[in-house]
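# Structural overview for review
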Amino acid sequence: MNAVPDITIPSDLLPADGRFNSGPTKVRPEALDALRARATDYMGTSHRQLPVQLVVAELRNGIAELLRAPDGYEIVLGNGGSTGFWDCATFGLIEQRSHHLSFGEFSSKFAKGVAAAPHLDEPSISESEPGTHPPLDPAADVDAYCYPHNETSTGVMVEPVRAGGDDQLMMLDATSAAGGLMFDATATDVYYFAPQKALASDGGLWIAMMSPAAIERIERIAASDRWVPPSLDLMIALDNSRKDQTYNTPALATVFLTANTVSWFNDNGGLSWSAGRSNQSAEILYGWAEASDAASPFVQIEEQRSKVVGTIDFDDAIDADVLVEVLRRNGILDTGGYRKLGRNQLRIGLFPAIEPSDVEALTHCIDHVIGAL
Ligand SMILES: *Cc1c(COP(=O)(O)O)cnc(C)c1O
């Protein structure tokens, strides 16, 4: 990185909140205040007793409402975040062979993990250049299709569609998408995520909306002779979730903050409202980048350009790392691109909890810094 010049952004240009990370993301101060109000009758109390179970129930019902769960779909949760859920799925959802789209850090990690599993066949994996996504490759011999709704590392989104037949599960990694992107729930069998991204909470939990076909798959594998470690056993997770509990102790603050965000979304109109906020922020960011001489959207195909994570390339004359550091010194945090991509790039969280007016302010701040460099 070049030397970082001393640039002070005028305070009237600054966003009200400077958190633009892609995960963990901005947690609303209002949610933290609500948690503070439950400091003595919720935090530090048993997760097997009613006060916590009621919040877990609020979370499960709220997610079902937000995601417009079709009849018979259930909300299941457990510990370990989305990475933990990949292992759960490797043990408890993929029967023999899966098909993966691999086009960034997260989608490739899941595919690699499955490829290394000794009890499964070699998966079929379709890859594409960073900044794009490959098409699904329907095949008769796979029992699960696995791809991200949004690849967080590159800012590429995929429209969920049903590819195969009835006995082929559509499993979507919606970690950075759930709550921030519109989608057709009937096109998914397992729509899983962790709450530290679009749901403006903290990490540690996985949450999955599962279709009757997915639940039937879990039951069938659980009844087979496959060995499954208990903490990754989806049958155990399902049994506990139905009682508004988790197999082992969850982070109570994470559960509370997630339920709080989901209620906030639902009280304001649900997914069309929350995803609408991300859509508005995306229009502001990409509109600005397209009009700028120094910046341009990294994702070229417009339908693939993410509305929850914006990746913006910069002209070689501007060192993006310097820009990120100047922004940081002015209280605008975590705007750096995904390290391993190695591009001269900024990556901006456009999640529903982030005010679109703050995204607008961010673009003015970037213009100011570029002008001063
Ligand atoms: C962040 C992220 C993950 C990993 O989530 P953890 O909760 O940290 O395990 C997986 N997939 C996608 C698409 C992500 O954005």
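Conventions used here
Residues numbered from 1 in each chain as written. Predicted model: local features only at pLDDT ≥ 70, side-chain atom pairs only at ≥ 80, totals over all residues. Heavy atoms only, no water. Near = heavy atom within 4 Å. Polar contact = N/O pair within 3.5 Å; in protein donor to acceptor, adjacent residues only side chain to side chain. Areas by Shrake-Rupley, 256 points an atom, 1.4 Å probe, with all protein chains shown as cover. Helix = DSSP H or I, 4+ residues; strand = E, 2+ residues; numbered from the N terminus. Nonpolar A, V, L, I, M, F, W, Y, C, P; charged D, E, K, R; others polar. Buried < 20%, exposed > 50% of the residue type's maximum accessible area, 1.4 Å probe, protein only. Pairing = 2+ DSSP bridges. Phe/Tyr/Trp six-rings, centres within 6.5 Å; stacked < 30°, edge-to-face > 60°. 1 Å grid on protein atoms, 1.4 Å probe; cavity = no way out; pocket = protein on both sides within 12 Å on 5 of 7 lines; lining within 4 Å. Points joined across faces, edges and corners; volume = space filled by probe spheres on them. Axes fitted to C-alpha atoms, helices over the stretch in contact; angles between N-to-C directions. Contact = heavy atoms within 4.5 Å. Domains from an automatic or database assignment. Buried area = accessible area lost by both parts, 1.4 Å probe. Salt bridge = Lys/Arg side-chain N within 4 Å of Asp/Glu carboxyl O. Arc of directions from axis to C-beta.

Around the ligand, a shell composed of Gly81, Ser82, Thr83, Trp86, Phe106, Asn150, Thr152, Asp173, Thr175, Ala194, Gln196 and Lys197 is seen. The contact in question runs from a nitrogen atom of the ligand to an N or O atom on the side chain of Thr175, over 3.4 Å. Here Lys197 contributes a side-chain N or O atom positioned 2.7 Å from an oxygen atom of the ligand. In isolation the ligand exposes 380 Å². Once the protein is present, 87% of that is buried. Among the elements that make up the shell around the ligand, the one with the highest residue count is helix 3 (residues 81-92) (four residues). Grouping the constituent residues of the shell around the ligand by class yields three nonpolar, seven polar and two charged.

This part takes up the pairing of strand 11 (residues 309-314). The buried fraction of strand 11 is high, at six of six residues. Neither face of strand 11 is open: one carries Val309, Thr311 and Asp313, the other Gly310, Ile312 and Phe314, and all of them are buried. Note: strand 11 against strand 12 (residues 345-349), five bridges, orientation antiparallel. Within strand 12, the residue paired with Gly310 across the bridge is Ile348.

Here the focus is the packing of aromatic side chains. A complete count under the given rule lists 12 aromatic pairs for this structure. An angle of 90° between the planes, with centres 6.1 Å apart, marks the rings of Phe91 and Trp227 as edge-to-face. With Phe91 in helix 3 and Trp227 in the loop between helix 5 (212-222) and helix 6 (234-242), this pair connects stretches of sequence that are 136 residues apart. By relative accessible area, Phe91 is classed as buried at 17%.

Looking now at empty space enclosed by the protein. Evaluation of the coordinates by the stated rule reveals two cavities of 30 Å³ or more. As a volume, the largest cavity reaches approximately 90 Å³. For the largest cavity, the lining is made up of 14 residues, of which Gly78, Asn79, Ser231, Ala237 and Tyr247 are closest to its centre. Sorting the residues of the lining of the largest cavity by element identifies strand 1 (74-79) and helix 6 as the ones contributing at least two each. Broken down by element, the lining of the largest cavity gets its largest block of residues, three residues, from strand 1. A class-by-class count of the residues in the lining of the largest cavity yields eight nonpolar, five polar and one charged. In terms of lining residues, the second largest cavity is bounded by His100, Leu101, Phe106, Ser107, Phe110, Cys146, Tyr147, Pro148, Asp173 and Tyr192.

This part covers the sheet that holds strand 11. Here three strands make up an open sheet; going across it, the order is 10-11-12 and the pairing antiparallel. Strands with a single pairing partner mark the edges of an open sheet, and in this sheet they are strand 10 (295-297) and strand 12. Averaged over all pairs of adjacent strands, the angle between their axes in this sheet comes to 30°, without regard to strand direction. Most of the contacts of helix 8 (residues 271-291) go to strand 11, to which it runs at about 10°, and overall it touches strand 10, strand 11 and strand 12.

This part covers the domain arrangement of the protein. A common measure of how large an interface is: the accessible area buried when the components associate. When cut into domains, the protein gives domain 1 (29-267) and domain 2 (271-372). Across the boundary between the two partners, domain 1 contributes 25 residues, which contact 24 residues of domain 2. Carbon and sulfur atoms make up 66% of the area that domain 1 and domain 2 hide from each other, which totals about 2200 Å². Where domain 1 packs against domain 2, one counts one salt bridge. Lys340 is the salt-bridge partner of Glu105, the closest N and O atoms lying 3.0 Å from each other. In this structure, the connection of domain 1 to domain 2 is made through eight residue pairs in polar contact (both at pLDDT 80 or more). Those elements that provide at least two residues to the side of domain 1 that touches domain 2 are strand 6 (156-157) and helix 7 (252-267). Here the residues of the side of domain 1 that touches domain 2 sort into 11 nonpolar, 11 polar and three charged.

Turning our eyes to something else, we now look at helix 5. Ala214, Ile215, Arg217, Ile218 and Ile221 are the residues of helix 5 that are buried. For helix 5, the angular spread of the buried residues around the axis is 155°, confining them to a single face. Buried residues belonging to helix 5 abut strand 1, helix 3, strand 7 (169-173), strand 8 (190-193), strand 9 (205-210) and helix 6.

A few words on the pairing of strand 4 (residues 144-148). Along strand 4, five of the five residues are buried, which leaves the element largely enclosed by surrounding structure. By the alternation rule, side chains of strand 4 split into Ala144, Cys146 and Pro148 and Tyr145 and Tyr147, which are all buried. The sheet contact formed by strand 2 (residues 98-102) and strand 4 spans three bridges and is parallel. Residue pairing for strand 4: Ser98 is matched across the bridge by Ala144. Relative to strand 7, strand 4 runs parallel, the two being bridged by five bridges. Note that in strand 7 the partner of Tyr147 across the bridge is Leu172.

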